[in-house]
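# Analysis of the macromolecular model
Below are the chains, spelled out letter by letter.
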Amino acid sequence: LVFGAMAGWAMWIPTYPIDIVKTIVQVQTRERGKKKELLSSRQITAKMYRAGGIRAFFDGLEPKLARAAVKHAVTFWVYEVLMGFLRPSN
């Protein structure tokens with residue numbers, strides 16, 4: 001279970017800043033009938049860094065890590081249980 005939790009953390013810690021920027025890009029909207037300039041990923045990254053430094057890219061990481069730890073630990077556990085049933089016993 002511990003290694004499953006660590007696998008979840010290992011996945012989210014390096015990719016979380018990219019996920020934050022991607023989410024901001026996706027939620028940008030244009031007002032109906034008005035021409036609004038949408039920001040690029042690079043512009044969003046620069047704006048976030050100016051506003052909060054490197055910490056801005058990891059805001060909200062703790063709940064994501066808690067969820068990932070449980071999810072991946074259970075996934076690894078279920079895999080081991082199923083493999084125990086499927087492996088031939090000697």
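Residues numbered from 1 in each chain as written. Predicted model: local features only at pLDDT ≥ 70, side-chain atom pairs only at ≥ 80, totals over all residues. Heavy atoms only, no water.

Here the focus is the overall build of the chain. Looking only at helices and strands, the chain has three helices and zero strands in total. For the chain, the sequential pattern of α-helices and β-strands runs α-α-α. Counting the 90 residues in the chain, one finds 22% classified as buried. Sequence-distant contacts in the chain: of pairs separated by 6 or more residues, those separated by 24 or more amount to 66%. As displayed, the chain offers around 7,400 Å² of accessible surface, 65% of which is attributable to carbon and sulfur atoms. Each charge class in the chain was averaged separately, 14 positive and 6 negative side chains, and the resulting centres sit 6 Å apart. (Helix = DSSP H or I, 4+ residues; strand = E, 2+ residues; numbered from the N terminus. Buried < 20%, exposed > 50% of the residue type's maximum accessible area, 1.4 Å probe, protein only. Contact = heavy atoms within 4.5 Å. Areas by Shrake-Rupley, 256 points an atom, 1.4 Å probe, with all protein chains shown as cover. Lys, Arg positive; Asp, Glu negative; His and termini not counted. Charge placed at Lys NZ, Arg CZ, Asp CG, Glu CD.)

As a further point, take the confidence of the model for the chain. Considering every residue of the chain, the mean pLDDT works out to 87; 94% of them sit at 70 or more. By mean pLDDT, the top-scoring element of the chain is helix H2 (residues 41–52) (95), and the lowest-scoring one is helix H1 (residues 2–27) (88). (pLDDT = per-residue confidence, 0-100.)

Moving on to the packing of H1 against helix H3 (residues 61–86). A pair of packed helices is captured by two measures, namely the crossing angle of their axes and the spacing between those axes. As a packed pair, H1 and H3 sit with axes 7 Å apart at the nearest point and diverge in direction by 140 degrees. Comparing the axis directions of H1 and H3 gives the class oblique. Considering only the axes of H1 and H3, their crossing is right-handed. Note on element contacts: H3 touches H1 through Leu61, Lys64, Leu65, Arg67, Ala68, Ala69, His72, Ala73 and Phe76, opposite Gly4, Ala5, Ala7, Gly8, Trp9, Met11, Trp12, Ile13, Tyr16 and Asp19. Split by residue class, the contact of H1 with H3 holds 13 nonpolar, three polar and three charged. (Axes fitted to C-alpha atoms, helices over the stretch in contact; angles between N-to-C directions. Parallel < 35°, antiparallel > 145°, perpendicular 65-115°, else oblique. Left-handed = near helix turned anticlockwise from the far one by under 90°. Nonpolar A, V, L, I, M, F, W, Y, C, P; charged D, E, K, R; others polar.)

Next up on the list: the packing of H1 against H2. Close contact between H1 and H2 brings their axes to 10 Å; oriented N to C, the two are set at 115 degrees. Both H1 and H2 take part in a crossing whose hand is right-handed. Residues Ile20, Val21, Ile24 and Val25 of H1 form the contact with H2, whose own contacting residues are Ser41, Ile44, Thr45 and Met48.

Inspection of the secondary structure puts Ala5 in helix H1. Those residues in contact with Ala5 that lie beyond four places of it in its chain are Ala69 and Ala73.

This part covers the side chain of His72. With respect to the helices and strands, the residue His72 is situated in helix H3. Here His72 falls in the buried class, since its relative accessible area comes to 13%. Separated by 2.9 Å, the side chain of His72 and the backbone oxygen of Ala68 make a polar contact. Setting aside its immediate chain neighbours within four residues, His72 contacts Gly4, Gly8 and Met11. (Polar contact = N/O pair within 3.5 Å; in protein donor to acceptor, adjacent residues only side chain to side chain.)

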